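Coordinate inspection notes
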Amino acid sequence: MNDDVRNIVLGVLAAGISAALGWVGRTYVWKRKLRRKQAFFGLPDNSESLLVVNRGAAGPELAVMRHDVFALLELAALIKDCNAHAQVLPHDTARQGFGERTEFCVGGPASNRRMTAHLSSLLPGVRVNVDAEPGPDRGAFLIGSERYRLDAGREEYVLLARLTAGQSENTRPVFLLCGQTAITNQAAARHLARHHERLARKYGSHSFALLLKVVNPQAYGPDVVELVADVTRAARSPLPAAAPRTSHRAS
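Summary of the structure given here. (Residues numbered from 1 in each chain as written. Predicted model: local features only at pLDDT ≥ 70, side-chain atom pairs only at ≥ 80, totals over all residues. Heavy atoms only, no water.)

What about the sheet that holds strand S9 (residues 208–215)?
Applied cut-off: Here the rule is simple: two strands pair whenever DSSP picks up at least two bridges between them. By the criteria applied, helices consist of DSSP H or I runs no shorter than four residues and strands consist of E runs no shorter than two, each listed in order from the N terminus. Axis angles are defined between N-to-C directions and span 0 to 180 degrees, where every axis is a line fitted to C-alpha atoms and, for a helix, only to the segment in contact. Whether two residues are in contact is decided by their heavy atoms, any of which lying within 4.5 Å being enough.
Taken in spatial order, the seven strands make up an open sheet running S2-S1-S3-S8-S7-S9-S10, and their pairing is mixed. Pairing within the sheet leaves two strands with one partner each, and these edge strands are strand S2 (85–90) and strand S10 (225–230). Averaged over all neighbouring strand pairs, the angle between strand axes comes to 20 degrees, with direction disregarded. Inspection of the sheet shows S9 paired to S10 by five bridges, in the antiparallel sense. Counted as the bridge partner of Val214 is Val225 from S10. Helix-sheet contacts for helix H4 (residues 182–203) involve strand S3 (102–106), strand S7 (155–163), strand S8 (174–179), S9 and S10, and the interaxial angle to S7 is about 45 degrees.

Set out below in structure tokens:
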């Protein structure tokens, strides 16, 4: 074997080794990223999860708002990426506990009975005005001493929470997407899909509750979202007896 042939063979071997090492490295990074995502959502390989959907408050018995369907699609994609499976249940048929399977509960308490139960037991510092009669506080969130009023089409709020009921490693989280309107539910699902890595780095496996504001949804849909505050402490503490000090609404 002359020097030219030897150099060619060595070059091919070096290229093959580099390609193999690159593939191994990319696979390792991808798997580590997947495991972190699975840990955050409580969705190991082939696990089961629940998608609890609300029903249109003013629609037929089985009607689901269009934007709520979009929210479910966003969440279903997350679940599939974790190599897990989802079961979709209407809110009034999901009569079971929580913690055994990851649950994504979509919709406000006006149209989702299970959301009402979750807020009462897991977030006692949150109240949502579900009055049917029109008024300035209709749909408003009361979180601690702060009230967040709905300004339809301009500023609409949604509560995005990850909650666990115990400290066991096998306890699966409950994700609440509690919006003032259907489009805010979709905005919360999209925010979760886009920012779950950042949320996992910040909160790990701990519970959190974030208040998000959807800006001008009439023009921008569910895409322009601002973080108003981390309301975990206020949301998990019983509401004070005194009236709220501050109301938030666009001028």
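Now, onward.
Observations concerning the side chain of His191
Convention followed: Categorising residues by exposure relies on relative accessible area from a 1.4 Å probe, with only protein chains included: less than 20% of the type maximum marks a residue as buried, more than 50% marks it as exposed, and the intermediate range marks it as partly exposed.
Relative to the helices and strands, His191 resides in helix H4. Using a relative accessible area of 11% as the deciding quantity, one classes His191 as buried. If near-sequence neighbours (up to four positions away) are discounted, His191 is found in contact with Leu160, Arg198, Leu212 and Val225.

Some thoughts on the nonpolar core
Formally: For our purposes a nonpolar core is just a set of buried Ala, Val, Leu, Ile, Met, Phe, Trp, Tyr and Cys residues, chained together by side-chain atoms within 4.5 Å.
Among the nonpolar cores identified, the biggest contains 28 residues, and Phe41, Leu75, Phe104 and Leu192 are the most heavily contacted of them. Of all the elements in the fold, those that place two or more residues in this core are helix H1 (3–41), strand S1 (48–53), helix H2 (66–81), S3, S7, S8, H4 and S9. With residues up to four places along the chain from it excluded, the contact list for Phe41 reads Leu78, Cys82, Thr102, Phe104, Pro173, Phe175, Leu192 and His196. Counting residues in hydrophobic clusters, the runner-up holds 24 residues, among them Val52, Cys105, Leu176 and Val231.

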